[in-house]
Amino acid sequence: PLGRAAMKPKCSDKPSASELAQRILPDMGPELSRNWPACIKVRPEFAKKAALHHFTRSDGLMVFSVLKTESECSGEGGMEKSLNVEGQRRPWYERLAIDPNSKVHMLYNALSLVVLFYDLTVLPFTLAWDVSITGWQMWGSSCFWTFDLFMNFFIGFYRADRLVMDLRAIAKTYLRTWFPLDVSLVLIDYAAIAMDVNRSVKFFRFAKVGRVLRLVGMVRMLRVVRIVEALAETRLSQGSRLLFTVSRYFVAILWFSHLLSCCWFGIGRPAFSDTGGNWFASSPVRGPGWILPYEDTSMVHQYVVALHWAVGQIALGPVDSIPQNTLERIFCVLATMIGFLFGSTLVSSLSAAMIDYQMSRKDKVTKMRSLRRYLLQNQVIPRLSTLVTRQAENRLSCPAHLREADVPALSLLSATLRAELKMEILRPHLESHPMFSLWLSVDEVAMQRVCFEAVHWQHLRSAEELFAAGAEATA
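Residue numbers run consecutively from 1 along every chain, following the written order of its sequence. Reporting in this predicted model follows two pLDDT cut-offs: at least 70 for local features of residues, and 80 or more for side-chain atom pairs to be given and counted; totals over whole chains, interfaces and linings ignore these cut-offs and use all residues. Heavy atoms throughout the structure, all of them, feed into the side-chain values; hydrogens and water do not.

**Let's talk about a nonpolar patch on the surface**
Then, number 1: A contiguous nonpolar surface patch, about 480 Å² in accessible area, is contributed by I330, V333, L334, M337 and I338.
Then, number 2: Relative to the assigned elements, I338 resides in helix α13 (residues 326-377). Grouping into patches uses exposed residues only, defined as over 30% relative accessible area, and leaves out salt-bridged ones; the cut-off is 9 Å for like charges and 5 Å for nonpolar side chains (Val, Leu, Ile, Met, Phe, Trp, Tyr). Here the open area of atoms and residues is found with the Shrake-Rupley method and a 1.4 Å probe, where only the protein chains shown may cover a residue. Definition used for salt bridges: Asp or Glu carboxyl oxygen within 4 Å of a side-chain nitrogen of Lys or Arg. Numbering of helices and strands runs from the N terminus; a helix is a DSSP stretch of H or I covering at least four residues, while a strand is a stretch of E covering at least two.

Here's what the structure looks like:
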């Protein structure tokens, strides 16, 4: 076995991996450095066969995208052109392209999501209460989105199932899709700042309302949300996933309530009333012998009252803010309908997550109860019973490693992509051996075939034996 992967050649007429390796290294010693010898080159017949295969790899330095017909490769200088053009190092400016699956891009997307969430939280409040933004709060968001405008010219994208890292293709695609909206939003940001400096209140409010279009940019950030959900699904335990789901829904309810409360306060101004009254009159602060109008209370009290009304629309609870004109009643009806749909969707999703958690716990409890009953009925000694119980609990808490047969989606992949996937999984184990490390550097396509057809691996749990001492070998 290599690491935790056990090599098991299949029975066939084809030579085994060890026999193929001995043909490549007939007289070499067992100890070889990883990059030895530097003068080894791929033989022309192997290079021609490799050029007929199509595979893509992007590691930041080399990009292989070879797809040539046999006639193209056999032409004068065809093979040399194929190898020298397709497999050469990219120019320095081409290396500036950022892989959308890299950790750097994921962190940048997470930062963009935080800034976007900040904008979409602060902006409704400033519009409703006419709050001025100064200092870094004024310039910080605009500078970040200006930087993001230029960054998008260097971030790769997927066209169907192919990763595109060419800067020209990236620029053309971005200019046709998100660039007009992004540059419009950046210009609106700077227009709002300029009008705030010049104290042109009318145009400043128009510019701030235009920044609400930033909400459209949240569509691009849904990919980050999906990635975070996928990481939580694969890395967290059942209990941690439930806590993550509850926290996510709580934040969603809080943000939606914040947005509703800002809208409810904004339409309550006398300028929007057709009856001469507004809901402010129904929410005064009353005391023994005195009444404080809602407009004269502090900003915090005004926000909390509006937030109470918004939460009541989602939870269908009692509220003490009564609409007094046509616009307020229309908005109240719409908010009740939207709040009902939003709240019921979150409740159903949360219920599904809790039922899934309870079902998984029930399965574990049932298995452990049957094990304890079995040990008790067979009168197993306490020492051995404790060892059996602890090992069973430990293995139930740690999910088993998935095999290829346990993942039905792998059958949908092409044979070439499955071979590349299998070699990528086995590469760390194979590179630890000098012969396979050299083979990978000499003929990667042949090594892909060896991994796909002649290698089998088996994952062992803690304290599990691969074979017993004295057992007869079966392969």
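From this point, things continue past the structure.
**Some thoughts on the packing of aromatic side chains**
Then, number 1: Only the six-membered ring of Trp is used, alongside the rings of Phe and Tyr, when aromatic pairs are assigned; centres must lie within 6.5 Å, and planes under 30 degrees apart are stacked while those over 60 apart are edge-to-face, with the rest tilted. A full pass over the atoms with the stated rule returns 21 aromatic pairs.
Then, number 2: With a centroid separation of 5.9 Å and 75° between ring planes, the pair formed by F125 and Y303 is classed as edge-to-face. Highlighted residues: F125 in helix α5 (residues 103-129) and Y303 in helix α12 (residues 299-315), separated in sequence by 178 residues.
Then, number 3: What makes F125 partly exposed here is its relative accessible area of 22%.
Then, number 4: Between F265 and Y294 the ring centres are 6.4 Å apart and the planes differ by 55°, which places this aromatic pair in the tilted class. On the criterion of sequence distance, the pair formed by F265 in helix α11 (residues 238-266) and Y294 in the loop between β6 (290-292) and α12 is long-range, its members being 29 residues apart. Partly exposed residues are those whose accessible area sits between 20% and 50% of the maximum for their type, while under 20% is buried and over 50% is exposed, using a 1.4 Å probe and protein chains only.

**Quick notes on the packing of α12 against α13**
For any two helices packed against each other, one specifies the crossing angle of their axes together with the interaxial distance.
Then, number 1: Axis definition: a line fit to C-alpha positions, over the contact stretch in the case of helices; interaxial angles, taken between N-to-C directions, run 0 to 180 degrees. Remark: α12 packs on α13, axes separated minimally by 6 Å, with the N-to-C direction vectors making an angle of 55°. Comparing the axis directions of α12 and α13 gives the class oblique. Each of W309, Q313 and I314 in α12 lies in contact with α13, whose residues at this interface are F331, C332, A335, T336, G339, F340, F342 and G343.
Then, number 2: As a working rule, the residues Ala, Val, Leu, Ile, Met, Phe, Trp, Tyr, Cys and Pro are called nonpolar, Asp, Glu, Lys and Arg charged, and the rest polar, with Gly in that last group. Per-class residue counts for the contact of α12 with α13 are 7 nonpolar, 4 polar and no charged. Orientation labels follow simple angle bins: below 35 degrees gives roughly parallel, above 145 gives roughly antiparallel, 65 to 115 gives roughly perpendicular, and whatever is left gives oblique. Any two residues whose heavy atoms approach within 4.5 Å at even a single point are treated as in contact.

**A word on the nonpolar core**
Then, number 1: By nonpolar core we mean a set of buried residues, namely Ala, Val, Leu, Ile, Met, Phe, Trp, Tyr and Cys, connected to one another through side-chain atoms within 4.5 Å. L260, W264, F265, W279, Y294, W309 and F331 are the most contacted members of the largest nonpolar core, which has 19 residues in total.
Then, number 2: When residues of this core are traced back to their parent elements, those giving at least two are α5, α11, α12 and α13.
Then, number 3: Discounting chain neighbours no more than four positions away, the residues touching L260 are W309, A310, F331 and A335.

**A word on the side chain of H105**
Then, number 1: In this structure, H105 sits in helix α5.
Then, number 2: Here H105 falls in the buried class, since its relative accessible area comes to 7%.
Then, number 3: In the analysis that follows, any N or O atom pair within 3.5 Å is treated as a polar contact, provided that within protein one partner can donate a hydrogen and the other can accept it, and provided that, for residues neighboring in sequence, both atoms belong to side chains. Of the polar contacts made by the side chain of H105, one reaches the backbone oxygen of P100; its length is 3.0 Å.

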